[in-house]
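Structure at a glance
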Amino acid sequence: MAGARARRRPQTNETGRGTVLYPAIAEAADRVGAKAIGLIDVGCSAGFNLTVDRVGISYSSGQLLGDSSSAVQLSCSIVGERPVPARAMPEVVARIGIDTDPVDVTDAEAAQWLRDGIAPDQAARLEAEIALVASASPVLLAGDVLELTHDAIAQVPEDALPVVTTTWALSRFPLEKRLRFLQRLDAAATHRAVAWVSVEGVGVAPAIPTFGDRPASGHSIMGVALFDHSTLRAESIGRCWSRGRMLSWLTD
C-alpha cells in the first residue's frame, strides 16, 4: 500500500465538484429525455463524484439542488444573472469509476490515506463523504480509460443513459489520447445514446466550444456532448472557477 500511496494524486475536493456536475448531468439527461442514468466517472480516485445525486447544493441565487437532508452539503456562488436550471437529476442506476489506481474507501488503510491528505477543518466533511460512497457501493475499475470506457458503458442498463464525466481529468492526457477518448465514446454510441459531461480547462476537452476564451484563462468550461448513432452534438453550457466554488450558467 505504501507504493500505491506514493503514486496516487490526492483529490480532496471531489464531492465539491458536484456544484457544477449536478446541473450539467441533469441538463444532459433532459436533452435526451432520460428517466434513469448510469454515472461513469473518469479519474474517479475514491469515487466521490459518483454520489453527486446524494449531496445537497445551495447556490448564492437562493436555488437548492439535490438532497437537502444529506450529510454532505455544498455551496456555490453564481456569477451573472442567469440561474442554473432547477431540474432534478434522474434516478442513478449504475455508479462506475475508472482510475489507474482507484481508492476503495471501505479499505481502512486507503481511507486513512485520504484522511492524511486533508486539513483538520475538512475532516468532518470527508467522513460524511466516505460514508456516502461506502453506502453507494460504486464499481471501481482499475486501468487505462481507453481500455475500460467501452466495458464501463456496457455495464449501464440498456434503459438508462450512460453519462461519462470528466472533471479536470483530461489535462493529464496528451492531445492524441484525448482524441482517442472521444472516439471511444463515439464507438460506444453505435446502438445507444451516450452523454459526456466535461469540466475542463479552456481548450482541453476535444469538440467542446470555448466561447472564444483563451487557454489558461483561469477558469474552466462546462460542456455537454451527446453521442447518438455516430451523431455528435457538443455545447458549452457555462464557465466555472475555483473547482466549482463559482459558476456562470450560459445556456438556455
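The rules behind the values
- Residues numbered from 1 in each chain as written.
- Predicted model: local features only at pLDDT ≥ 70, side-chain atom pairs only at ≥ 80, totals over all residues.
- Heavy atoms only, no water.
- Helix = DSSP H or I, 4+ residues; strand = E, 2+ residues; numbered from the N terminus.
- Rg over C-alpha atoms; globule rule 2.2 N^0.38 Å.
- Buried < 20%, exposed > 50% of the residue type's maximum accessible area, 1.4 Å probe, protein only.
- Contact = heavy atoms within 4.5 Å.
- Areas by Shrake-Rupley, 256 points an atom, 1.4 Å probe, with all protein chains shown as cover.
- Lys, Arg positive; Asp, Glu negative; His and termini not counted.
- Charge placed at Lys NZ, Arg CZ, Asp CG, Glu CD.
- Salt bridge = Lys/Arg side-chain N within 4 Å of Asp/Glu carboxyl O.
- Pairing = 2+ DSSP bridges.
- Axes fitted to C-alpha atoms, helices over the stretch in contact; angles between N-to-C directions.
- Arc of directions from axis to C-beta.
- Polar contact = N/O pair within 3.5 Å; in protein donor to acceptor, adjacent residues only side chain to side chain.
- Right-handed = clockwise from strand over helix to strand, strands pointing away.
- Parallel < 35°, antiparallel > 145°, perpendicular 65-115°, else oblique.
- Left-handed = near helix turned anticlockwise from the far one by under 90°.
- Nonpolar A, V, L, I, M, F, W, Y, C, P; charged D, E, K, R; others polar.

1. Overview of the overall build of the protein chain
In terms of regular secondary structure, the protein chain is built from six helices and 11 strands. Expected size for 252 residues packed as a compact globule is a radius of gyration near 18 Å; at 17 Å, the protein chain falls within 12% of this value. Looking at the protein chain as a whole, 55% of its 252 residues are labelled buried. Look at the contacts in the protein chain between residues 6 or more apart in sequence, and 70% of them connect residues 24 or more apart. Per element, the accessible surface of the protein chain, about 10,900 Å² overall, is 49% carbon and sulfur. Treating the 24 positive side-chain charges of the protein chain as one cloud and the 29 negative ones as another, the clouds have centres 4 Å apart.

2. Some words on the pattern of salt bridges
What the rule picks out here adds up to 12 salt bridges. Its salt-bridge partner being R82, residue D252 comes within 3.4 Å of it at the nearest N-O pair. In this pair, D252 sits in the segment after β11 (246-249) while R82 sits in the loop between β4 (73-78) and β5 (91-99), placing the two residues 170 residues apart along the sequence. According to the relative accessible area criterion, D252 is exposed, its value standing at 83%.

3. Concerning the sheet that holds strand β1 (residues 36-42)
If you trace the 11 strands from one edge of the open sheet to the other, you get β3-β2-β4-β11-β10-β9-β8-β7-β1-β5-β6, paired in mixed fashion. Both edges of this open sheet fall to β3 (64-66) and β6 (139-142), since each of them pairs with a single strand only. For this sheet, the mean angle separating the axes of adjacent strands, direction not counted, is 25°. Note: β1 against strand β7 (residues 161-167), six bridges, orientation parallel. Along β7, the bridge assignment pairs D41 with T165. Docked against the sheet, helix α6 (residues 175-188) engages β1, β7, β8 (194-201) and β9 (220-228), running at close to 165° with respect to β8.

4. Digging into helix α3 (residues 108-116)
Along α3, the positions that sit buried rather than exposed are A110, A111, W113 and L114. All buried residues of α3 fall inside an arc of 150° around its axis, so they share one side. Residues A108 and D116 are exposed on α3 and point more than 90 degrees away from its buried face. The backbone nitrogen of E109 has a side-chain oxygen 3.2 Å away, supplied by the residue at the start of α3, namely D107.

5. Overview of the pairing of β8
Of all eight residues that make up β8, seven are buried, and the element is covered over most of its length. Here β7 runs beside β8; their pairing, made up of five bridges, is parallel. When the bridges of β8 are listed, T165 appears paired with V197. Tracing the backbone out of β7, into α6 and back to the parallel element β8 gives a crossover that is right-handed. Strand direction decides the pairing type here: β8 and β9, joined by eight bridges, are antiparallel.

6. A look at the packing of α3 against helix α4 (residues 123-136)
Interhelical geometry of α3 versus α4 gives an angle of 150° and a closest axis separation of 10 Å. The angle between α3 and α4 places the two elements in the roughly antiparallel class. Taken as a pair, α3 and α4 cross one another with a handedness that is right-handed. Residues A111, L114 and R115 of α3 form the contact with α4, whose own contacting residues are L126, E127 and I130. Across the contact of α3 with α4, the residue classes break down as four nonpolar, no polar and two charged.

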